Amino acid sequence: MDCDKAYVMGLMHDIGRRAGIKGILHIFDGYDYMMSIKQEEIARICLTHSFPIKDINPFFGKYDCSSEQKEFLAAFLKNSEYDNYDILIQLCDAISLPNEACIMEKRLVDVALRHGLPDFTIDKWKAFMNTKKHFDELCGCNIYTLLPNVLENSSVNLV
Ligand SMILES: [Fe+2]
């Protein structure tokens, strides 16, 4: 993998958030913007980063897009063959808080506290855990050991 490419994808995957506070619409805003500047690979990441399962229904958040966008996304995910860049950004999204990396369980609980526990929660959590396992195997180590202060960032605040 090209680490510079992965880094830029990580920085830009939520570029759709520049359009304001939105639910799933942020992935389309990011996709449309990246396509408009001919950055197709990043546009793809904008769509795939929230879907470790290639199904549009397991999304933690508000479905504020149009029915046409929903159909487009369903077809896009169905016809996509995820590569390591898609999976890496999904993983990074699942172990990142606003200012730091943390263990996945902390991030997933953080999302659950904001969005509840829909029926698909366990399947999606398992899919995210498989992304970590995939990169643990690729890296030959627990990826948490490669990131700064993951354990410290994941401690429980008892105050
Ligand atoms: Fe996002």
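Only a predicted model underlies this, so the values are computations on that prediction, with no experimental measurement involved.

## Quick word on the environment of methionine 35
Checked against the element boundaries, methionine 35 lands in helix α2 (residues 25-36). Judged by the 14 C-beta atoms lying within 10 Å of it, methionine 35 is partly exposed. If sequence neighbours within four positions are ignored, methionine 35 has contacts with Glu40 and Ala43.

## A closer look at unusual backbone geometry
The phi torsion at lysine 38 lies on the positive side, around 60°, for a residue other than glycine. Secondary-structure assignment places lysine 38 in the loop between α2 and α3 (40-48). A residue is classified by how many C-beta atoms lie within 10 Å of it, and lysine 38, with 7 of them, is exposed. If you check the backbone angles, asparagine 149 has positive phi at about 60° while not being a glycine. With respect to the helices, strands and loops of the structure, asparagine 149 is situated in the loop between α7 (121-139) and α8 (150-153). Taking the C-beta count within 10 Å as the criterion, asparagine 149 has 12 such neighbours and is therefore assigned exposed.

## Brief notes about the nonpolar core
Core analysis: the biggest nonpolar cluster contains 23 residues, and Tyr31, Ile42, Cys46 and Ile95 have the highest contact counts within it. Elements with a contribution of two residues or more to this core: α2, α3 and α5 (84-94). The contacts of isoleucine 95, once residues within four sequence positions are left out, are Ala101, Cys102, Ile103, Met104 and Arg107.

## Considering the confidence of the model for the chain
Averaged over all residues, the pLDDT of the chain equals 94, while 97% of them reach at least 70. Per-residue pLDDT, averaged within each element of the chain, yields its smallest value for α8 (90) and its largest for α3 (98).

Conventions and cut-offs
- Residue indices follow the written sequence of each chain, beginning from 1 at its first position.
- Two thresholds apply to this predicted model, a pLDDT of at least 70 for residue-level local features and 80 or more for giving and counting side-chain atom pairs, whereas whole-chain, interface and lining totals are computed over all residues.
- Secondary structure elements follow DSSP: runs of H or I no shorter than four residues count as helices, runs of E no shorter than two count as strands, and numbering proceeds from the N terminus.
- Exposure is read from a count of other C-beta atoms within 10 Å of each residue's own; the residue is exposed at 12 or fewer, buried at 20 or more and partly exposed in between. C-beta atoms are placed from the backbone.
- For every residue pair, C-beta atoms are placed from the backbone, and the pair is scored as a contact if these atoms sit within 7 Å.
- Here, a nonpolar core means buried Ala, Val, Leu, Ile, Met, Phe, Trp, Tyr and Cys residues linked by C-beta atoms lying within 7 Å of one another.
- By definition, pLDDT measures how confident the predictor is in each residue, and it falls between 0 and 100.

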